[in-house]
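Residue-level structural notes
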Number of protein chains: 6
Amino acid sequence: MPKDHINKAICAGSFDPPSWGHINILQRTLNIVDHLIIAIGVNNAKDCTFTVEERIKLLQDVFKDEPRIEIDSFSGLLINYAEKKDVKTLIRGIRTMGDYEYEFQMALTNRKLNPNIDTIFMVTEGKYSYLSSSIVKQVASLGGSVHKMVPPNVEKALMAKLKN
Amino acid sequence: MPKDHINKAICAGSFDPPSWGHINILQRTLNIVDHLIIAIGVNNAKDCTFTVEERIKLLQDVFKDEPRIEIDSFSGLLINYAEKKDVKTLIRGIRTMGDYEYEFQMALTNRKLNPNIDTIFMVTEGKYSYLSSSIVKQVASLGGSVHKMVPPNVEKALMAKLKN
Amino acid sequence: MPKDHINKAICAGSFDPPSWGHINILQRTLNIVDHLIIAIGVNNAKDCTFTVEERIKLLQDVFKDEPRIEIDSFSGLLINYAEKKDVKTLIRGIRTMGDYEYEFQMALTNRKLNPNIDTIFMVTEGKYSYLSSSIVKQVASLGGSVHKMVPPNVEKALMAKLKN
Amino acid sequence: MPKDHINKAICAGSFDPPSWGHINILQRTLNIVDHLIIAIGVNNAKDCTFTVEERIKLLQDVFKDEPRIEIDSFSGLLINYAEKKDVKTLIRGIRTMGDYEYEFQMALTNRKLNPNIDTIFMVTEGKYSYLSSSIVKQVASLGGSVHKMVPPNVEKALMAKLKN
Amino acid sequence: MPKDHINKAICAGSFDPPSWGHINILQRTLNIVDHLIIAIGVNNAKDCTFTVEERIKLLQDVFKDEPRIEIDSFSGLLINYAEKKDVKTLIRGIRTMGDYEYEFQMALTNRKLNPNIDTIFMVTEGKYSYLSSSIVKQVASLGGSVHKMVPPNVEKALMAKLKN
Amino acid sequence: MPKDHINKAICAGSFDPPSWGHINILQRTLNIVDHLIIAIGVNNAKDCTFTVEERIKLLQDVFKDEPRIEIDSFSGLLINYAEKKDVKTLIRGIRTMGDYEYEFQMALTNRKLNPNIDTIFMVTEGKYSYLSSSIVKQVASLGGSVHKMVPPNVEKALMAKLKN
């Protein structure tokens, strides 16, 4: 008895920029859901390296052959965005225990705001466990190579951004 | 474009006995998957209070009105059982950081054994975060009431078991 | 042989704004001590939403029927404030492991500064474990409802503040 | 307005054997409460080095000049023992994050069993953070000196016990 | 000014059996020290799969081309063994936070017993972070393949052991 | 067979200002290596209390009788600095679990950038576990005494700095 509705999920984040760690989680999510929305949170308080439009473009390039992935941005509460998109499942990748504490708090807060929406977690694979967007930017800004950390289009964009 | 296959998952555990914490995770899982197999691991090394048959019966009573839940037992590697059942998704509930460390290790081990099978995690709700099967058994064995911790049929079975 | 002195404690914090999580800890503290001082730390470096006077007023409203609670503010070292108030016991609520690390460090630092003053901890109840002042402000600023997170007078004040 | 009742607390544990880490916590507790009951839990499942009677005797020797400390043993649920003794406050020392997880779980379980009884925590001082009864017994059993870890009477008792 | 003495270290453990995780740490240690003693602790209380002699043989096979590695066993306190061997440095690999807590406690205990002997830690690489001797044995005993987890000689020995 | 090369290590950090905790780790490191470079990272983004030159001077005063310690500063990636200095070993002191998470991530990142350079960790002794440069500055800025936390020359420099 297959479900009659499409099984959709949202993976929200900053993706500033997307790394191989993110991409690994996003690809594995496609094994579980029919349709995945990658949603970039527009947070004015946060000082980002790439604009929302640039990040959407970077992710579109990475996933250009994957019709089941939709890339979008949202402002306001993630829960409200999920309601608008009629999505009941949020996906989060976890790298470390520190990640887990914060994610746990957000998952419980979101359940308080709407108990019909639930968060599921996937563990980042060991080889990517050290990788975060801020590590990528820190290494690049100090002149190190990030070609093992991000896809080629992201590396190129990051190099261009740092030259300015 | 709904998926043409049934979205199945396995939630394996000892369930010795099942608590409200387990049941909360299992019910929330039904929002994500079409079919959920609750699989009791037959581990000869572990000294259990209830037999596998008793635990299957307790879970069948709890979920008697839920046709999308199947209750089973398995021996050997969980990954082999998942392959036999043609399931690609394992579900785990996490209560605490200590839980998380162990679960993280098992998830990575299972991916090493079969990279096509993935584990997803859900966070136990705050009000059940203290609850584990061993807490339930410890409280009951010391004469405390467990009626807020387990469903009535489990409480009754536990009381009967402790009288012997 | 009851002690001949009043058993006093200080619970210091930002309370920007106070949440049900804070209030739960503060009320439980009254079971242990005779007199509780809620002390708002005046920290110029920290960017707060409510002024110290507004936070004092919010807490006074919440605890208006509790004569054993005194609400005050302090600047400088908490240890010096405790000495001035002749208090030997500091109270802290802990929600998460991350909290605990920081609190542990502060408790040991305070013992180094004055070994006669000690810190005791209480665990935030499971249902409030996700709640922090920054979660409250984040949810409210993104247009979410905080009525399960803070008392009515705090919700009202927060709504008014966000309109400006 | 001092409280008209005696402010009592229970610190329960195995104390197999008591170490300087335990004693440090117990002495600091006397700054907060009028009367402290040190309660040795009689747990048949646990394999202890010293009998309950021996542990009571060791603690009585250590605290022989402290009239506000009472040393006792109990079986069954700690909450029931606390009710019988008319005590509303349980005290626990915490050394490490691992300790904290378990203690957090027990504190929440006890609140579930009786919401009028609360647990407060104190942080073991840095210099004792490595010390546990099992470390003491492990070091002694392998021929190491424990004279910095336990009081002289406990060291003597441990040496005598290991000779048998 | 090179040091006039040989820079020696001990890496103690159960190695029951040695895994690629152990071997990775041991090989990296050779970049820091001149001579490394792998010391198998003889602990009667612990129920091991391989005898001490078998584990020494397995490690000798793995490191047969490495003259700077010595394989030995010891009983009693590691600190006493280090003193006998005239070694001032102990090496430990850390995989997880849980590991770290225990290792931290043992390092501080050993410093208490002999402040001239110090412990240094190395982080297990991400790809081996899930690997422990008990995971290896658990997978093998349930019929899973461990050929990515241990060297060929260990895999062979483990298969032979499990047949008995 | 002593190694024919000098055993060198780098301990990089902000040291803003150096505390007894730092000094304890640095002195213990000299038991393991022949030559230790204390390298102050020049990070424009970080708002420091002391200039790099002032911090170099403070460390030179503290270690003026230790010819095996070299004090330097670097900008850019630590890995590039280590390559330039022909050093294969990085040393880090760890105080808390939170420290450990971040350090673990940096150690794995550095191994990704240059697998020939490795990081080793030492545990800060219990009595210094609460001490960080930010605690020192926080206490001093609030008018507390830091004479148990830093050497006399650092205390004097901090007092002078805070007067301005």
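Residues numbered from 1 in each chain as written. Chains lettered and ligands numbered in written order. Predicted model: local features only at pLDDT ≥ 70, side-chain atom pairs only at ≥ 80, totals over all residues. Heavy atoms only, no water.

1. Digging into the relation of the copies chain E and chain F
Filter applied, for reference: Least-squares superposition of the copies uses the C-alpha atoms of those residues scoring a pLDDT of at least 70 in each of them. Here, residues are in contact when the closest pair of their heavy atoms is within 4.5 Å.
Take chain E, turn it by 180°, move it 0.0 Å along the axis, and it overlays chain F with an RMSD of 0.0 Å. Both chain copies can therefore be described as sitting about a two-fold axis. Of the C-alpha atoms belonging to chain E, the one lying closest to the rotation axis is found on E:Phe121, 2.4 Å away. An overlap of 100% is found between the interface residues of chain E and their copies at the interface of chain F, pointing to a shared contact surface.

2. A word on helix α2 (residues 52-62) of chain E
The criterion, for reference: Burial here depends on accessible area, computed with a 1.4 Å probe over protein chains only, as a share of the maximum for the residue type. Under 20% is buried, over 50% is exposed, and the range in between is partly exposed. Counting from the N terminus, the helices are the DSSP runs of H or I reaching at least four residues and the strands are the DSSP runs of E reaching at least two. What the arc describes is the spread of directions from the helix axis to the C-beta atoms.
Along α2(E), the residues that are buried comprise E:Val52, E:Arg55, E:Ile56, E:Leu58 and E:Leu59. Looking straight down α2(E), one finds its buried side chains confined to an arc of 160°; they lie on one side.

3. Observations regarding the confidence of the model for chain A
Quick note on the threshold: pLDDT expresses, on a scale from 0 to 100, how confident the predictor is about each individual residue.
Of the residues in chain A, 93% have a pLDDT of 70 or more, and the chain-wide mean is 89. Interface scoring of the predicted complex returns ipTM 0.86; its pTM is 0.87.

4. Quick notes on the interface of chain E and chain F
Interface size is commonly expressed as the accessible area that is lost once the parts come together. Test applied: Put simply, buried area is how much 1.4 Å-probe accessible surface two parts lose in total, over both of them, once they are put together. Think of a polar contact as two N or O atoms within 3.5 Å of one another; within protein, one of them needs to be a possible hydrogen donor and the other a possible acceptor, and neighboring residues in sequence only count if both atoms come from side chains. Residue polarity follows a fixed list, in which Ala, Val, Leu, Ile, Met, Phe, Trp, Tyr, Cys and Pro are nonpolar, Asp, Glu, Lys and Arg are charged, and the others, Gly among them, are polar.
Counting residues at the interface gives 30 residues for chain E, matched by 30 residues for chain F. With both chains or domains summed, chain E and chain F bury close to 2,900 Å², and 62% of this area falls on carbon and sulfur atoms. Remark: the boundary between chain E and chain F carries 7 residue pairs in polar contact (both at pLDDT 80 or more). Among the elements of the structure, β4 (89-94), α4 (97-113) and β5 (118-123) of chain E are those that each provide at least two residues to the side of chain E that touches chain F. Each residue belonging to the side of chain E that touches chain F can be placed in one class, and the counts come to 14 nonpolar, 7 polar and 9 charged.

5. Let's talk about helix α3 (residues 78-85) of chain D
Residues and elements named next belong to chain D. Of the residues making up α3, those classed as buried are Leu78, Ile79, Tyr81 and Ala82. Mapping the buried residues of α3 onto a view down its axis gives an arc of 160°, with all of them on the same face. Of the residues flanking the end of α3, it is aspartate 86, one or two places downstream, whose phi is positive at about 60°.

6. Concerning the arrangement of the chains
One finds no contact between chain C and chain E; the C-alpha atoms of the two approach each other to within 12 Å at their closest. Here chain B and chain F are not in contact; the least distance found between their C-alpha atoms is 12 Å.

7. Thoughts on the pairing of strand β2 (residues 35-41) of chain D
Residues and elements named next belong to chain D. As a reminder, the rule being used: Criterion used throughout: strands pair if DSSP finds at least two bridges between them. Handedness is read with the strands pointing away from the viewer; a crossover is right-handed when the path from the first strand over the helix to the second is clockwise.
Summarising burial for β2: 5 of the 7 residues are buried, a large majority. Taken together, the 6 bridges between strand β1 (residues 8-13) and β2 define a ladder with parallel strand orientation. Residue glycine 13 lies in a different strand from β2, and its bridge partner there is isoleucine 40. In this view, the connection linking β1 to its parallel neighbour β2 by way of helix α1 (residues 20-29) has right-handed handedness. Alignment of β2 against strand β3 (residues 69-74), held across 6 bridges, turns out to be parallel. The residue of β3 that forms the bridge with glycine 41 is phenylalanine 74.

8. Topic: the pattern of salt bridges
Let me state the cut-off plainly: Salt-bridge detection follows one rule: a side-chain nitrogen of Lys or Arg within 4 Å of a carboxyl oxygen of Asp or Glu.
Overall, the coordinates contain 72 salt bridges over all chains when judged by the stated rule. Note that D:Glu125 is salt-bridged to C:Arg111, the shortest N-O span being 3.1 Å. Within this pair, whereas D:Glu125 is found in the loop between β5 (118-123) and α5 (133-141), its partner C:Arg111 is found in helix α4 (residues 97-113), the two belonging to separate chains. Exposure class is identical for D:Glu125 and C:Arg111. Each is buried. What emerges from the salt-bridge pattern is a single network uniting A:Arg28, A:Glu125, B:Arg111 and B:Asp118.

9. Here we look at the side chain of B:Asp34
Positionally, B:Asp34 belongs in the loop between α1 (20-29) and β2 (35-41). A distance of 2.5 Å separates a polar side-chain atom of B:Asp34 from the backbone nitrogen of B:Asn7.

10. Considerations on the environment of B:Cys48
All names here are of chain B. Relative to the assigned elements, cysteine 48 resides in the loop between β2 and α2 (52-62). Assessed through its relative accessible area of 25%, cysteine 48 is described here as partly exposed. C-alpha separation for the pair cysteine 48 and aspartate 16, spaced 32 residues apart in sequence, amounts to 6.5 Å. With residues up to four places along the chain from it excluded, the contact list for cysteine 48 reads Asp16 and Arg55.

11. Examining the packing of helix α2 (residues 52-62) of chain D against helix α6 (residues 152-163) of chain D
Residues and elements named next belong to chain D. Our working rule: Between N-to-C directions, angles cover 0 to 180 degrees, with each direction set by a line fitted to C-alpha atoms, over the stretch in contact for helices. The cut-offs work like this: below 35 degrees is roughly parallel, past 145 is roughly antiparallel, 65 to 115 is roughly perpendicular, and the gaps in between are oblique.
At a minimum axis distance of 10 Å, the contact between α2 and α6 shows a crossing angle of 155°. In this view, α2 runs roughly antiparallel relative to α6, as classed from their interaxial angle. Each of Glu54, Leu58, Asp61 and Val62 in α2 lies in contact with α6, whose residues at this interface are Asn153, Val154, Ala157 and Lys161. For the contact of α2 with α6, the class distribution of residues is 4 nonpolar, 1 polar and 3 charged.

12. Concerning unusual backbone geometry
In this structure, the amide linkage connecting A:Asp16 to the following residue, A:Pro17, adopts the cis form with an omega of 0°. With respect to the helices, strands and loops of the structure, A:Pro17 is situated in the loop between β1 (8-13) and α1 (20-29). Phi at E:Asp86 is positive, roughly 55°, even though this residue is not glycine.

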